[in-house]
Amino acid sequence: LRWADPQRLATLYFNSAHREERQAPLWLSPCADPRHREIWAGPKDLCARLPSLLIVGPQKTGSTALHTFLSLHPQLLPSIKHPRTFEEVQFFTDPNYAKGLLHYYSYFNYTREFTVNFTVDPGARPIYFEKSANYFDQARVPGRVKALLPSARIVAILMDPAQRAYSWYQHQLAHGDPAATNYSFYQVITSDDAAPREVRQLRHRCLRPGRYANILKRWFRQYRPRSVYLVDGDQLRNSPAQTVHRLQRWLGLKPQVDYTQLLLYNKRKGFYCYRPVLSDLTVERRPRCLGKGKGRRYPAIDEASLAYLRTYYRHDNAQLYKLLRRHSYKPPGWLLALQNGG
Ligand code: A3P
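Parameters at a glance
The numbers attached to residues start from 1 for each chain and follow its sequence in the written order. pLDDT decides what is reported in this predicted model: residues at 70 or higher carry local features, side-chain atom pairs at 80 or more are listed and counted, and totals for whole chains, interfaces and linings draw on all residues regardless. Water and hydrogen atoms play no part in the side-chain values, which are based on all heavy atoms of the structure. Think of it this way: any DSSP run of H or I at least four residues long counts as a helix, any run of E at least two long counts as a strand, and we number them from the N terminus. Summary of the distance rule: residues count as near a molecule or strand when at least one heavy atom falls within 4 Å of that molecule or strand. Whenever a nitrogen or oxygen atom comes within 3.5 Å of another N or O atom, the pair is scored as a polar contact, on the condition that within protein one atom can donate a hydrogen and the other can accept it, and that pairs from neighbouring residues in sequence are kept only if both atoms are in side chains. For the accessible areas, the method is Shrake-Rupley and the probe is 1.4 Å, while residue cover comes only from the protein chains on display. A helix is expected to span 1.5 Å for every residue after the first. Only Phe, Tyr and Trp rings take part, Trp by its six-membered ring, and two of them pair if their centres are within 6.5 Å. Stacked means planes under 30 degrees apart, edge-to-face means over 60, and tilted covers everything else. Buried means the residue's accessible area, taken with a 1.4 Å probe over protein chains only, is under 20% of the maximum for its type, while exposed means over 50%, and partly exposed covers the values in between. In this scheme, Lys NZ or Arg CZ marks a charge over a ring once it lies within 6 Å of the ring centre and within 35 degrees of the ring normal. When DSSP finds two or more bridges between a pair of strands, those strands are recorded as paired. The rule for a disulfide is simple: a pair of cysteine sulfur atoms within 2.5 Å.

K.L.:
Mind laying out the environment of Q7, listing which residues take part and the relevant values?
P.N.:
Following the sequence through the fold, Q7 ends up in helix 1 (residues 6–15). Along the backbone, Q7 and Y272 are 265 residues apart, and their C-alpha atoms lie at a distance of 56 Å.

Listed below in structure tokens is the structure:
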């Protein structure tokens, strides 16, 4: 057995096989190997609490709705809300990633307010999960997730990328983003490199996450397709109970909750709302809808923008269709319609 002081060991580590980690660390799972579990000096329940299900987005596809609906299931335990920002965990993106494992663990280190005494299989264990919609298209994220959560299940939502881009623009407009306020959607998406920086940035955030094929390939390099579930964004919006039923079957959840009792269409909102499950496991009568930032009302996308985006995404969509077919996924309805010339 050879010994070196920690500093020398670190130098050896970063100078040899792990040069790429000099710029940015890569947190590996201390749970995969029993020897690592044994020498892990942190909280003993870390391995039981790290999430095994991630909703990765992308933004504006209904990720909050899916997260909220899944949180109604007794076997699925969501990350806690950030005490200050109430925002998503976003651990695998920078700068949070550098905060380390215990930071991530803190989002799952809680006691549920009520005992789950559903007729859950004695063997059924809680499944911790989180949703961070910006994971989807960040290049480094799939590798980071795989390193820490090698057997996680990944859920992504695919909706028409043109509509997704427009929804993001509307989101920024509602938040008073100067680029969205001063430039029309068409001006933003058709802007070139001569445009002001904030317009280019908005263009990027509108367009990039919708290039699904390239982005999914990055996930498939890390996870086999059988660990990646793709939700059709339109189905999630229009028939959420059926969508969540399929997902809970894929996850093998017990019990299989009847979501038709929990999700009700609200005419005023124009979207499905949910009936919260109370601490005594009864269901609240009055449905709650997602906040006013989800399911906004705005004019339909203009024809010129839609035509531009149809051309912009044509190749990506064709690639997506092939990719999904190759991996035996059923393409979402909007993609089938586009491929059939709709
Ligand atoms: P719009 O507000 O543009 O309509 P995310 O949570 O990923 O940011 O997605 C927000 C989008 O979720 C909304 O975009 C809305 O279309 C969609 N959505 C789907 N089901 C919803 C629901 N039940 N309630 C509210 N929004 C829903």
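K.L.:
Provide a residue-level description of the site of the ligand, including the pertinent values.
P.N.:
Neighbouring the ligand are 17 residues, the closest being S63, T64, S167, Y272 and Y298. Contact between the ligand and G62: an oxygen atom at 3.0 Å from a main-chain N or O atom of the residue. For the ligand, an oxygen atom lies 2.6 Å from a polar atom in the side chain of S167. Starting from 570 Å² of accessible surface for the ligand in isolation, the protein chains cover 95%. For the shell around the ligand, the elements supplying multiple residues, two or more each, are helix 4 (63–71) and strand 7 (271–274).

K.L.:
Quick one: what's the story with helix 15 (residues 314–326), residue by residue and with numbers?
P.N.:
Between its terminal C-alpha atoms helix 15 stretches 18 Å, which fits the 18 Å expected from 13 residues at 1.5 Å a residue. Downstream of helix 15 by one or two residues, S328 has phi in the positive range, about 60 degrees.

K.L.:
Report on the packing of aromatic side chains, specifying residues and quantitative values.
P.N.:
Scanning all chains against the criterion turns up 22 aromatic pairs. Seen in terms of ring centroids, Y110 and Y128 are 6.1 Å apart; in terms of plane orientation they differ by 85 degrees. Their pairing is edge-to-face. Taken as a pair, Y110 in the loop between helix 5 (101–106) and strand 3 (127–131) and Y128 in strand 3 lie far apart in primary sequence, 18 residues in all. The two residues Y110 and Y128 agree in class, both being buried. An aromatic cluster is built from W27, F91, F92, Y97, Y104, F108, Y110, Y128 and Y135, whose rings are joined through pairwise contacts. Looking at R205, its charged tip hangs above the ring of W168, at a distance of 5.9 Å from the centre.

K.L.:
Could you give me a rundown of the pairing of strand 7, with the residues and numbers involved?
P.N.:
Bridge count between strand 6 (residues 263–266) and strand 7: four bridges; the pairing is antiparallel. Looking at strand 7, one finds that L264 is bridged to C273.

K.L.:
Explain the state of the cysteines to me, using residue names and the numbers behind them.
P.N.:
Enumeration over the complete set of coordinates arrives at two disulfides. At a sulfur-sulfur separation of 2.2 Å, the disulfide partner of C31 is C47. Disulfide C31-C47: torsion about the S-S bond near -90 degrees, hence left-handed. Note that C31 is positioned in the loop between helix 1 and helix 2 (34–39) and C47 in helix 3 (residues 46–49), a separation of 16 residues in sequence. Residue C31 is classed as buried on the basis of its relative accessible area, which comes to 15%. Each disulfide pairs two cysteine sulfurs, and for C273 the partner residue is C289, the sulfurs being separated by 2.0 Å. Across the S-S bond linking C273 and C289, the dihedral sits near 95 degrees, which makes this disulfide right-handed. Note that C273 is positioned in strand 7 and C289 in the loop between strand 7 and helix 14 (303–312), a separation of 16 residues in sequence. The exposure class assigned to C273 is buried, which follows from its relative accessible area of 1%. The class for C289 is partly exposed, based on a relative accessible area of 28%. Across the protein, the way the bonded cysteines pair up, counted in sequence order, is 1-2, 3-4.

Geometry only, nothing functional implied.
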